[in-house]
Amino acid sequence: MNPDPMSFRRAVTEAILDTIYFGNLDSIKGAKGRKFSKVKTGQKDAYMLPFGFSKDCYGAVLVHTPNRIEVVSRVRGAERKNSFRSAYDTKVFLCRTFIS
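Residues numbered from 1 in each chain as written. Predicted model: local features only at pLDDT ≥ 70, side-chain atom pairs only at ≥ 80, totals over all residues. Heavy atoms only, no water.

Thoughts on the pattern of salt bridges
Then, number 1: Under the defined criterion, the tally for this structure stands at five salt bridges.
Then, number 2: Measuring nitrogen to oxygen at the nearest pair gives 3.4 Å for the salt bridge that ties Asp45 to Arg9. Of the two residues, Asp45 is situated in strand 2 (residues 44-54) and Arg9 in helix 1 (residues 8-22); the sequence distance between them amounts to 36 residues.
Then, number 3: Through salt bridges with shared partners, one network takes in Arg9, Lys38 and Asp45. (Salt bridge = Lys/Arg side-chain N within 4 Å of Asp/Glu carboxyl O. Helix = DSSP H or I, 4+ residues; strand = E, 2+ residues; numbered from the N terminus.)

Given below as structure tokens:
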């Protein structure tokens, strides 16, 4: 048995991070090298995954729980905030909106 198992939230974070990395959305300074960090959001915390490929198109994915994921982005000055209930839906959104 693994003495240090990965939590479900961390596994979801890693799966979304793979999409960001292989979709080449890690071109901005804060997203280089498959990075993510833990940030405080109110009284709870979340994993934050920055992404983007230019000054005009960037954002972050916030993984609060495996079933509560937010994507906050700015594209050409317009801010968007989207919420998802699964990693799959988040990955589909990232691919359809930013990759293809």
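Observations regarding the confidence of the model for the protein
Then, number 1: For the protein, the average pLDDT comes to 85, and 89% of its residues sit at 70 or higher.
Then, number 2: Highest mean pLDDT in the protein belongs to strand 5 (residues 78-84) (94); lowest belongs to strand 1 (residues 37-41) (85). (pLDDT = per-residue confidence, 0-100.)

Describing unusual backbone geometry
Then, number 1: Positioned with a positive phi, Asn24 is a non-glycine residue whose angle comes to about 60°.
Then, number 2: Its location among the elements puts Asn24 in the loop between helix 1 and strand 1.
Then, number 3: Within the chain, Arg76 stands out as a residue other than glycine whose phi angle is a positive 50°.
Then, number 4: As for its position among the elements, Arg76 is in the loop between strand 4 (68-75) and strand 5.

Regarding the side chain of Thr90
Then, number 1: If you trace the backbone, Thr90 turns up in helix 2 (residues 87-99).
Then, number 2: The exposure class assigned to Thr90 is buried, which follows from its relative accessible area of 0%.
Then, number 3: A distance of 2.9 Å separates a polar atom in the side chain of Thr90 from the backbone oxygen of Ser86.
Then, number 4: Here Thr90 is in contact with Ile16, Val61, Ile69, Val71 and Phe84, once residues within four sequence places are set aside. (Buried < 20%, exposed > 50% of the residue type's maximum accessible area, 1.4 Å probe, protein only. Polar contact = N/O pair within 3.5 Å; in protein donor to acceptor, adjacent residues only side chain to side chain. Contact = heavy atoms within 4.5 Å.)

Details of helix 2
Then, number 1: Within helix 2, the full set of buried residues consists of Ala87, Thr90, Phe93, Leu94 and Phe98. Down the axis of helix 2, the sector holding all buried residues measures 125°, keeping them to one side. Turned more than 90 degrees away from the buried face of helix 2 sit Tyr88 and Arg96, all of them exposed.
Then, number 2: Buried positions along helix 2 lie against helix 1, strand 2, strand 3 (57-65), strand 4 and strand 5. (Arc of directions from axis to C-beta.)

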